[in-house]
Amino acid sequence: MTSLPEHPSPLINEADRDTGVTRLQEAYAQGHISHEEMDERLHQVLTADVRSELVSALASLPAENAGTTSTIAAAGGRIRRRGAWRVPRTLKVGSAFGRVHLDLSRAVFEHPVVDIELRLGTGRARITVPRDATVDLDDLHTGWKDTLYKPRQGSRPGGVRIRISGTMGFGRLRIRHARR
């Protein structure tokens, strides 16, 4: 009988798998890998169960760029980000109709201050921020309903500062701190 490793590689979730697929697609589109290599690595990512398998499938790809500004937009439907994703310095989110859910609780922050600019027509938005984050809503303009946010009492200094700005039409923004 073989012994189990002391620190087994953690299991991956769908968000990790989606991030891996996106990185492969970007590397292929930029000419860093061939079509055949993308097919092989895509198969590895889609069949990976643990983080070490995912890491080996993404090995030798150019470093993921958190960039300074990213835009997520949809005319209708749902916009959703969750899991371990890199948050750019400025994130612009636009939706005419639909729901927005940004879960930043496990996100990777490379900047001490992150600006999120919302341009939402109808529909609601929900943002989950890290436990030790501070949130600034001074530049957010709501048309119909007020924002639901209760600042966390006794938050520790050193967490990321998230500044939310923009406009919301007929919908409500709900912000909460992650529990862990």
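In this text the structure is predicted, and so the values were computed from the model without any measurement. (Residues numbered from 1 in each chain as written. Predicted model: local features only at pLDDT ≥ 70, side-chain atom pairs only at ≥ 80, totals over all residues. Heavy atoms only, no water.)

I'm lost on the packing of helix α1 (residues 14-29) against helix α2 (residues 35-47) in this one. Help?
Direction vectors running N to C along α1 and α2 enclose 175°, while the axes themselves pass 9 Å from each other. Considering their axes alone, α1 and α2 lie roughly antiparallel with respect to each other. On the side of α1, the interface is formed by R17, G20, V21, L24 and Y28, while α2 contributes H35, M38, R41, L42, V45, L46 and T47. For the contact of α1 with α2, the per-class residue count stands at seven nonpolar, three polar and two charged. (Axes fitted to C-alpha atoms, helices over the stretch in contact; angles between N-to-C directions. Helix = DSSP H or I, 4+ residues; strand = E, 2+ residues; numbered from the N terminus. Parallel < 35°, antiparallel > 145°, perpendicular 65-115°, else oblique. Contact = heavy atoms within 4.5 Å. Nonpolar A, V, L, I, M, F, W, Y, C, P; charged D, E, K, R; others polar.)

Looking at this structure, how should I read the sheet that holds strand β10 (residues 148-149)?
Spatially, the five strands line up as an open sheet ordered β2-β5-β8-β12-β10, and their pairing is parallel. Looking at which strands have only one partner, the edges of the open sheet turn out to be β2 (78-81) and β10. Of the pairings in the sheet, the one linking strand β5 (residues 99-103) to strand β8 (residues 125-129) comprises four bridges and is parallel in character. Its bridge partner lying in β8, H101 is registered against R126. (Pairing = 2+ DSSP bridges.)

Got a minute to help me understand the pattern of salt bridges in this structure?
If charged atoms from side chains of opposite charge come close, those side chains can pair. Enumeration over the complete set of coordinates arrives at six salt bridges. Note that D115 is salt-bridged to R89, the shortest N-O span being 2.7 Å. On the criterion of sequence distance, the pair formed by D115 in strand β7 (residues 113-122) and R89 in the loop between β3 (86-87) and β4 (90-97) is long-range, its members being 26 residues apart. You can call D115 buried: its relative accessible area is 18%. Salt bridges sharing partners connect three or more residues here, namely R89, D115 and R163. (Salt bridge = Lys/Arg side-chain N within 4 Å of Asp/Glu carboxyl O. Buried < 20%, exposed > 50% of the residue type's maximum accessible area, 1.4 Å probe, protein only.)

Please explain the packing of α1 against helix α3 (residues 51-58) as it appears in this structure.
To characterise two packed helices, one gives the angle between the axes of the helices and the distance between these axes. As a packed pair, α1 and α3 sit with axes 10 Å apart at the nearest point and diverge in direction by 5°. Relative to α3, the element α1 lies roughly parallel. Two secondary-structure elements touch here, α1 through D16, G20, R23 and L24 and α3 through R51, L54, A57 and L58. Within the contact of α1 with α3, the residues separate by chemical class into four nonpolar, one polar and three charged.

Just to check I follow, could you spell out the environment of G158 for this structure?
Assignment of secondary structure puts G158 in the loop between β10 and β11 (161-170). Measuring from C-alpha to C-alpha, the distance between G158 and T134 comes to 9.4 Å, with 24 residues separating the pair along the chain.

What exactly am I supposed to notice about the pairing of β4 here?
Of the strand pairs in this sheet, strand β1 (residues 69-74) and β4 are connected by six bridges, and their pairing is parallel. In the sheet register, S70 faces β4, and the bridge partner there is L91. Taken together, the seven bridges between β4 and β7 define a ladder with parallel strand orientation. If you follow V93 over to β7, its bridge partner there is L118.

Would you mind showing me how to read the packing of aromatic side chains here?
Within this structure, the stated rule accounts for zero aromatic pairs. Here R81 stacks its cationic end above the ring of W85, 5.6 Å away from the centre of that ring. (Phe/Tyr/Trp six-rings, centres within 6.5 Å; stacked < 30°, edge-to-face > 60°. Lys NZ or Arg CZ within 6 Å of the ring centre and 35° of its normal.)

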